[in-house]
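# Topology and contacts: notes
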Amino acid sequence: MNINTDIAKTYILVDKRQTAVAAIGVLLGMAVYIFMNSLMLALDRSSTAVIFKNNAHIRVYKDDKISKELVSDSKTKYLITNPKVAPKSNTIINPNLVTETILKNKNVTVVTPQVNSSVFYNNGKSQISGMAVGVKPAEANAMYDINSSIVDGNFESLASNPNGIVIGVGISSKMNLAVGNNINITSAKGVNRTFKVIAIFRSNVKALDETKSYINLASAQQLQKEGPLYITDISVNIKNPDEAEAIGEEITQLTGYKAQSWQEANNSIVTGNKMRRIVSGLISYLILLVAGFGIYNILNMTVNQKINDIAILKAMGFKGKDVIRIFVTQALTIGIIGVIGGVILAAILINTLKHIHVGGDIGYFPIEYDFTVFIRGIIFGLIITFFAGYFPARKAARVDPVDIFRR
Amino acid sequence: MPILKTENINKFFHEPNEFQVLKDISFEVRRGELLTLMGKSGCGKSTLLYILSTMDRDYTGNLFIDNQLMNNLSIDELAAIRNEKIGFVFQFHYLLGEFSCLKNVMIPALKLGKYSTEEIEARAYEKLRVLGIEDQALKPASKLSGGQQQRVAIARALINDPLIIMGDEPTGNLDSKNTDIVFNIFRELADEYGQTIIAVTHDDDFAKKSDRIVEMIDGMILK
């Protein structure tokens, strides 16, 4: 063993209590860091999971545009002085070609057409306004994983049942509808039609559970009095949801239709998540930093106590960098002990909380293991302990032995 | 052939007042010489010793050790020279209290890294045996008596077979019996191993038995 390491080891073992206190500081900081970041990650994931139950990563639709002036030259007079939004039609023209174009993008996983129609649900005297979404059942399931939110009946049988409807659990309880019952629907275009409830879903978003229903694409087109080429929305899922904005931009360029990313559609949730991440990230880093100050303090004390030792070592030919190595080794050893302990404690905490049922929409406590959080914590913890050791060590390295011997 | 030589060494203290501690110190020390530096308190003998030891670099003039000029060497180069060529014995033993006596003796050699750990351990035992404290080897340094600690310190100074051993009142804290022991060890080192010893002392008996006394007054060497 190198003599510097040997001396560092002796210093660590001589005052075990001090070493333990410093290591426990790092341990707790480390555990809190990993724990908080794992929690935030899981909360983020569970909130985006709720979003993706009802939203595609990208929604392509025809956006109303404001009338353009016919001449863009600013010197000439405007031909239109008071432009208005002039809605023409909200359909996508030639949806098959648009779908094919979008599918050529390598990042796209699922593309499915959709027809949204505002409707009234009627059952006896009760009436609820809502949204019937016309989908291709298999593709819609691939996109939103509707199967997992079904509480009664079978979503897949929608495909083989042109008169079938899948309603939210809120509609079901308000209208006292069970699987097998009939429900009458009136569309905004005045079309009246009776559907048979074949499944009931619970999305955990109350507003949707009370208004939304899934029907076959063709039925939705009929409710709008339109033919099979009538498509209002094309939903697109991509490999990495975080790239939705950039890929949406590409799709807009290619097709000319508005491509709205899920971040844009759920702006308040996304920014809320971001703020939460910043605050919790900051706090967890600060906690680790405080642990670093613990090491710094203890090493500073050690340097002051051992100032005679440092002087004699330097007299015997130890260089400044040898002295730095001795104390940085000491700091890093404390740091490594603390980091290992912190990782173990965090793992125990996460494992315990994972199995605690908190109920409600959340179910089990939202926390999960994430490799990168652990790695980040370990690296950051070690960097902090390094510097917490380096500054006292540098002070020790600057000790002038002659000053000490003259005392 | 001098092992150590100084030419016109001057040193000033700037705090609290400008004060010249050493004035034109020029002298030579032969290999194998047992030399004592004497003088009243404050005459600059300790200051001179720290300059000779290369630890104090704040002076003007030239210092040669083993025919090598020390003035323009870096701190790290000087540290390496101290490690290899100079051994120290202080008035207060300055052992590392948490380490065993054996380890204290071994540390400079482990730093030098010339021999394997096993060889260094054997050599350290040998030095402790020569100094008659072999039986204390594995005790913590802080548990020994003053005389024993000083002998451990001497063993530590000897472990790298340095050319020069410097002592700052090496017997200042010892009774006459231990003083004799330490002196005899120095005598033997100089005579039998050809090592040079430079010791600052207040002890007349100790000085009288040395090869040469360099007496200092007010920062100058009295010829």
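Residues numbered from 1 in each chain as written. Chains lettered and ligands numbered in written order. Predicted model: local features only at pLDDT ≥ 70, side-chain atom pairs only at ≥ 80, totals over all residues.

### Quick look at the overall build of chain A
We apply this condition: Here a helix means four or more residues in a row that DSSP labels H or I, a strand means two or more in a row labelled E, and each is numbered from the N terminus. Put simply, the radius of gyration uses C-alpha atoms, and a globule should come to 2.2 Å times the residue count raised to 0.38. Whether a residue is buried, exposed or partly exposed follows from its count of other C-beta atoms within 10 Å of its own C-beta, namely 20 or more, 12 or fewer, or something in between, respectively; the C-beta atoms are built from the backbone.
Helices and strands together make up the secondary structure of chain A, namely 14 helices and 12 strands. For 407 residues, the compact-globule estimate of 2.2 N^0.38 gives 22 Å, and the C-alpha radius of gyration of chain A, at 32 Å, exceeds that figure by more than 25%. In terms of its C-alpha atoms, chain A occupies a principal-axis envelope of roughly 105 × 65 × 35 Å. The proportion of buried residues among the 407 residues of chain A is 39%.

### Structural notes on the domain arrangement of chain A
Residues and elements named next belong to chain A. For clarity, the threshold we go by: Note that the domain bounds reflect an automated or database-derived domain assignment. Polar here means any residue outside two lists: the nonpolar Ala, Val, Leu, Ile, Met, Phe, Trp, Tyr, Cys and Pro, and the charged Asp, Glu, Lys and Arg; Gly therefore counts as polar.
Segmenting chain A into domains produces domain 1 (3-51 + 269-406) and domain 2 (95-265). Between the C-alpha centres of domain 1 and domain 2 there is a distance of 51 Å. Looking at the side of domain 1 that touches domain 2 element by element, the count peaks at 3 residues for helix 2 (residues 16-54). Across the side of domain 1 that touches domain 2, the residue classes tally to 3 nonpolar, 1 polar and 1 charged.

### Describing the sheet that holds strand 9 (residues 212-217) of chain B
Residue and element names in this part refer to chain B. Convention followed: Strand pairing is assigned whenever DSSP identifies at least 2 bridges connecting the two strands. Between the N-to-C directions of two axes lies an angle of 0 to 180 degrees, each axis being a line fitted to C-alpha atoms and, for a helix, fitted only over the stretch in contact. Here, residues touch in the contact sense if the C-beta positions derived from the backbone fall within 7 Å of one another.
If you walk across this open sheet you meet the 6 strands as 6-7-8-3-9-10, and the pairing is mixed. Edge positions in the open sheet fall to strand 6 (86-90) and strand 10 (220-222), since each of these has one partner strand only. Neighbouring strand axes in the sheet, compared pairwise and without regard to direction, differ in orientation by 25° on average. Pairing of strand 7 (residues 164-168) with strand 8 (residues 196-200), which is carried by 5 bridges, proceeds in the parallel orientation. Following the sheet pairing, aspartate 168 is matched in strand 8 by valine 200. Relative to the sheet, helix 5 (residues 146-158) contacts strand 6 and strand 7, its axis offset from that of strand 6 by approximately 170°.

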